[in-house]
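So you can see what is in the structure, the chains are spelled out below.
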Amino acid sequence: MSEDGLYEALRGYWHPVAYASELNGGGPLAVTLLDEPLVLARIDGEVSAFRDICVHRGTALSLGSVSEEGLRCGYHGWTYNGEGRCTKIPARPDLKIPSRARLISYRAAEHLGLIWVCLSGDPVYPLPENPYFDDESIRLIEVEPYDWRCALPRRIENYVDFGHFAWVHDGVLGDSAHPEVPDHSIGRHRNELRFEHPHMAEPPDSGKNKSLEIDGAVEVKLDYRLFMPNTILLDQYIESVDQRYLLFFSVCPTGRRTCRCFTVMGRDYAFDEATDAEMLDFNELVIGQDLAFVESQRPEELPVDLSAELQIAGVDRVAIEYRRWLREIARGADSARQAALQ
Ligand code: FES
Ligand SMILES: [Fe+2]
């Protein structure tokens, strides 16, 4: 059981690699997943993901173009269909195309406004859910993807770390005069960890809360669904005004110690563009406060051994359960590797 095992095991899970809107022009779009350079293309309306290497001379297909014929390499014009099979070699149009002229292709899906890819076999878990995605009473806005120099699990753990609100986000999400973390329940539900923060008092004048026009602290209840291993749906209910604020947050492990973060913010109030801008500014403020702390963590990779860092019962409950589950995922990869070695 090791961080190596976890990193390898992640190949068997769905990961977000781009917003679907980034492929509106059809692509090609270069992305990276688990150190694998990929090219995405929308061919005949379907999203395909290939290793970003042309089988002819190894150039990046993401330098090419997408047309009705398929994905065309920019170097000599070889063209590939949605399954990655070469259908055209322009320098010899009548040549029988060798069967080896085929790209390495990965499972890809378009779901909840994102493109998801799984690098190995059947994905262990289904794609995450967001029951509010098609809900017309909710306004959704995408945050520009951003890259952090930290491992995926460190990023996810930071997002659900209740103890840091009072310190890192003092006056924005929490209050350093009230740093206690309330008791909270957590449980597994299929491929999710579900937990809640029963009560938080936020400042009324933050970019997120301003348009609610509430006097005094904004009392919120937070329900979390953590879809293992990389996605969080945070459902925040503001009881006094019966309003809802949502964050759908999903992290792509671009490498062992790097990640790309995708966020779709949602709310059922103040649908104007000025509030959109305030929400985006607010999100930028919050992640800007987290960045230095998370990138400073050593080791960069989250230890799958629970005893490697200190855990405080009750306070670090979510992290403990998340790490336990990651350890099971890592163990799965290690046992598969051991079986392969026998
Ligand atoms: S390198 Fe792609 S067609 Fe030659
Ligand atoms: Fe934070």
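It should be emphasised that the depicted structure is a prediction, and the values quoted were computed from it without experimental measurement. (Residues numbered from 1 in each chain as written. Chains lettered and ligands numbered in written order. Predicted model: local features only at pLDDT ≥ 70, side-chain atom pairs only at ≥ 80, totals over all residues. Heavy atoms only, no water.)

*Asks:* Just give me the short version of the domain arrangement of the protein chain, but keep the residues and values in it.
*Replies:* Parsing the protein chain into structural domains produces domain 1 (32-118) and domain 2 (139-327). For domain 1 versus domain 2, the distance between C-alpha centres works out to 36 Å. Each partner contributes to the roughly 660 Å² buried at the junction of domain 1 and domain 2, and carbon and sulfur atoms together form 67% of this total. The largest per-residue losses of area from domain 1 upon contact with domain 2 belong to Thr32, Leu114 and Trp116, which jointly make up 50% of the total buried on that side. The interface formed by domain 1 and domain 2 holds zero salt bridges in total. Summed over the shared surface of domain 1 and domain 2, the result is three residue pairs in polar contact (both at pLDDT 80 or more). When residues of the side of domain 1 that touches domain 2 are traced back to their parent elements, those giving at least two are β2 (29-33) and β10 (114-118). (Domains from an automatic or database assignment. Buried area = accessible area lost by both parts, 1.4 Å probe. Salt bridge = Lys/Arg side-chain N within 4 Å of Asp/Glu carboxyl O. Polar contact = N/O pair within 3.5 Å; in protein donor to acceptor, adjacent residues only side chain to side chain. Helix = DSSP H or I, 4+ residues; strand = E, 2+ residues; numbered from the N terminus.)

*Asks:* Help me get a handle on the nonpolar core, residues and values and all.
*Replies:* Ranked by internal contacts, the top residues of the largest apolar core, which has 85 residues, are Leu40, Val117, Phe195, Tyr224, Met228 and Ile232. Taken domain by domain, the makeup of this core includes at least three residues from each of domain 1 (32-118) and domain 2 (139-327). If sequence neighbours within four positions are ignored, Phe195 has contacts with Val160, Phe162, Ser185, Ile186, Leu222, Asp223, Tyr224, Leu226 and Val318. Counting residues in hydrophobic clusters, the runner-up holds 14 residues, among them Cys54, Tyr80, Cys86 and Ala101. (Core = buried A, V, L, I, M, F, W, Y, C linked by side-chain atoms within 4.5 Å. Buried < 20%, exposed > 50% of the residue type's maximum accessible area, 1.4 Å probe, protein only. Contact = heavy atoms within 4.5 Å.)

*Asks:* Talk me through the layout of surface pockets; I want residue IDs and the actual numbers.
*Replies:* One water molecule sets the probe size; rolling that probe over the atoms shows where empty space is left. For the largest pocket, the calculated volume is near 430 Å³. Forming the walls of the largest pocket are 23 residues, and the residues nearest its centre are Glu157, Asp161, Gln297, Asp316 and Arg323. Here the lining of the largest pocket gets four residues from one element, more than from any other, and that element is helix α5 (residues 317-341). Within this model, the second largest pocket holds a volume of roughly 300 Å³. Lining the second largest pocket are 16 residues, and of these Gly174, Asp175, His178, Met200 and Ala201 sit closest to its centre. For the lining of the second largest pocket, the secondary-structure elements that each account for two or more residues are α3 (165-168) and β13 (192-202). (1 Å grid on protein atoms, 1.4 Å probe; cavity = no way out; pocket = protein on both sides within 12 Å on 5 of 7 lines; lining within 4 Å. Points joined across faces, edges and corners; volume = space filled by probe spheres on them.)

*Asks:* Talk me through the pattern of salt bridges; I want residue IDs and the actual numbers.
*Replies:* Under the definition given, this model contains 28 salt bridges. Residue Glu295 pairs with Arg149 through a salt bridge whose shortest N-O separation is 3.1 Å. A residue pair is termed long-range when its members are at least 10 positions apart, and Glu295 in helix α4 (residues 273-295) and Arg149 in the loop between β11 (139-148) and α2 (152-159) qualify at 146 residues. The exposure class assigned to Arg149 is exposed, which follows from its relative accessible area of 59%. Across the salt bridge formed by Lys221 and Asp223, the nearest N and O atoms sit 3.0 Å from each other. Accessibility expressed as a relative area gives 31% for Lys221, which makes it partly exposed. You can call Asp223 partly exposed: its relative accessible area is 31%. Residues joined in a network through salt bridges with shared partners are Asp4, Arg256, Arg257, Arg298, Glu300 and Glu301.

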